[in-house]
Each structure stands twice: as C-alpha cells, then as structure tokens.
Amino acid sequence: MSTSQLGKIACVTVSAPDLDAIELAYSRNFNYQVRENGTVSEAQAALWGTRGMAGAQTRVMEPASGSDFVFRFIERPSDPSYAPLTTWGWNASEVLVENVDALAEQLVDGDFEILGEPKNLSFTDDIRAMQLRGPANEILYMTELKAPIPGMDLPTSTCFVDNTFIVILGGCDINAMIESYAQQFDIMPAPIMESRITVASKAFGLSIEHRYPISALSINDQCMIEVDELPAQAGPRKSDPDLLPPGIAMVSFRSSAAAGPQAITCEGMPYGGHAATCTSGAAGELIELIHI
C-alpha cells in the first residue's frame, strides 16, 4: 500500500460553459445526482490563483453509490482553441463502471461522443474500457474491472457508473513529472513503460501504433495518477491566467500532509469543513489538497 501524502481522488473539477447541459448528460447517462449548486468564493479563487473565477456558478454531482467522490463543474466560457488530449495538464478522468458495453449501448445521442469503442486492454481480458468526450470537452475513460488483477490494488464499481479512481496527466518530460510527485508528496516512482494511447494518437494525427512513455503512480485508497509523456507537438494549456484552464481544470486529493499557513477552510463538497491548499506540478497542473 502506498504511504504517500496523497489519498483518495475526492474531486475532478471541469470547466463547463453550460451547467444545465452537463447536469442533463451526467444524470440521464450515468445516473449521477446533483449534490450542490453554488458559486466560487473569492477565497477559493485566490487559493487557485484564478481570481477571475470568483462568483462563477458551480454544480457538484456524485455517483449513485455515494462514494465520497464528486465531479465539480464550474461555469467558464468555452475556449475554441482547446483541443482535448493535446496539451499539458490533466487530460482525462478514469471512471469505474459496472458494464462498459451496456453503457455504450444506452448513451443518449449527442451527450457524449465515443472516441474509443469498448475493448479489452492489450495485457488482460479482465479490464474492458472505452473513451468518451463530454459536453465540456472533458475526456473520460470508462473502465470495467471484471476480476482482480494480480499485483494491482484496484477498486470495484458498486453502481452503474461510479467514481474516478485514476486521473491522467500529460506533459513533456515524464521523469520531471514523476520527480515532482515524489518530492512534493512522497510518492514512490513507478516503472516507465511504452504504451499505445489510441485516443491521443488520433488527436495528434499520429499512427495508432505510436507508443508513449507512461507510468502509473500509486497513491492511497486504491487510486492512481497515470503520467503520460506527450509528443513534441504538445504544449502548455493556453488559458487566461485569471481563469481555470479549459477541460479538466484541477484534481482534488485527500491528503495526510499538514495544511500550512496558506490553507483556507471550506464548507460543502468536496471539503466537508476541512482545510484546503493548492499547488501545481511539473506539467502546470493544478493540484488541490483537502487536509484530513
């Protein structure tokens, strides 16, 4: 088991131009429920370094399992220059599902675009997955775990579409990204492997046989951070510096680390009255810590 300072993925924050469209898509396709509607406080916006987000509308949705994980959608104008999977930062959220083929069959036309049809992973038939693009240009890997995988501590889905258990980070230097998490959070480095990432290759216009250096960093509570080294044509996620970046903007983790003087206390989900701090990684990704 990991002894890092990072625990469960508590929240994936997505910049969304239309919160009503998001609610409709996630409720009727995933059985997600709205838990909170609110606004970004000035203190939160300052914590994230995005003061222009103060007052933005938010909508928090959770799976039917009530698994202590939420998606937080924050209203932000769409950015036509953003091409998912081609920039540095948080590129995808991997979500547990009970039956990926059944989910694919029942997706309502137009809510989610299937980027990759359901198929078994190359190294095991016990993991089956597909890839989606959502209404806010967010990328979701929907993953069915059919049986325990030797050597891997993975959770199981307890409802049709459950929680995020892996977040996918892209950057230009895999060693720098791994080192960043080792230094900041005591995460043990993991082996670097070469792997196909079909949806990324399609986004970059590369052969689907192109292989990417990747590494899977284990954190506590059966969660992981997948680190992908992207090709040279990838670059920083361009954004107004006062706003959250487009797509998946931030990931919040529960943390055993001391909060420190910059912490603010936040009510509501995903905080539950705990202190929160924010930092960034080697790929420019925003990392929110909920200190428990």
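Description of the structure in this document.

The rules behind these values
Residues numbered from 1 in each chain as written. Predicted model: local features only at pLDDT ≥ 70, side-chain atom pairs only at ≥ 80, totals over all residues. Heavy atoms only, no water. Salt bridge = Lys/Arg side-chain N within 4 Å of Asp/Glu carboxyl O. Helix = DSSP H or I, 4+ residues; strand = E, 2+ residues; numbered from the N terminus. Pairing = 2+ DSSP bridges. Axes fitted to C-alpha atoms, helices over the stretch in contact; angles between N-to-C directions. Phe/Tyr/Trp six-rings, centres within 6.5 Å; stacked < 30°, edge-to-face > 60°. Buried < 20%, exposed > 50% of the residue type's maximum accessible area, 1.4 Å probe, protein only. Contact = heavy atoms within 4.5 Å.

**Quick word on the pattern of salt bridges**
Any two side chains of opposite charge can pair, on the condition that their charged atoms come close.
Okay, so step 1: Counted by the stated rule, this structure contains nine salt bridges.
Okay, so step 2: Where Asp111 meets Arg28, a salt bridge forms, and the shortest distance between an N and an O atom there is 2.6 Å. Note that Asp111 is positioned in the loop between helix H3 (100-106) and strand E6 (113-121) and Arg28 in helix H1 (residues 19-30), a separation of 83 residues in sequence.
Okay, so step 3: One salt-bridge network, in which partners are shared between bridges, spans Asp20, Glu23 and Arg59.

**Things to note about the sheet that holds E6**
Okay, so step 1: Spatial ordering of the open sheet is given by E6-E7-E8-E5-E9-E12-E11-E10, a layout of eight strands whose pairing is mixed. Lying at the two open borders of the sheet, with one neighbouring strand each, are E6 and strand E10 (193-196). Strand-to-strand twist of the sheet, defined as the mean angle between neighbouring strand axes without regard to direction, takes the value 30°.
Okay, so step 2: Two strands pair when backbone bridges link them, and E6 and strand E7 (residues 124-133) are joined in this way by six bridges, in the antiparallel orientation. By the bridge assignment for E7, Gly116 is matched with Gln131.

**Some remarks on the packing of aromatic side chains**
Okay, so step 1: Evaluated as defined, the whole model comprises twelve aromatic pairs.
Okay, so step 2: Ring centres 5.4 Å apart and planes at 65° place the aromatic pair Tyr26 and Phe112 in the edge-to-face group. With Tyr26 in helix H1 and Phe112 in the loop between H3 and E6, this pair connects stretches of sequence that are 86 residues apart.
Okay, so step 3: Given the relative accessible area of 0%, Tyr26 is considered buried.
Okay, so step 4: Phe112 gets classed as buried once you look at its relative accessible area, which sits at 6%.
Okay, so step 5: Between the aromatic rings of Phe30 and Phe112, the centroid separation amounts to 4.7 Å while the plane-to-plane angle is 25°, which identifies the pairing as stacked. Within this pair, whereas Phe30 is found in helix H1, its partner Phe112 is found in the loop between H3 and E6, the two being separated by 82 residues in sequence.

**Let's talk about the sheet that holds strand E14 (residues 264-265)**
Okay, so step 1: Taken together, eight strands build an open sheet; the order of strands is E2-E3-E4-E1-E13-E16-E15-E14 and the sheet is mixed. Bordering the open sheet on either side are strand E2 (33-39) and E14, each of which pairs with just one other strand.
Okay, so step 2: Relative to strand E3 (residues 57-62), E2 runs antiparallel, the two sharing six bridges. Bridge assignment links Asn37 to a residue of E3, and that residue is Arg59.
Okay, so step 3: Where H1 meets the sheet, it contacts strand E1 (6-16), E2, E3 and strand E4 (70-75), and its direction lies at approximately 5° from that of E3.

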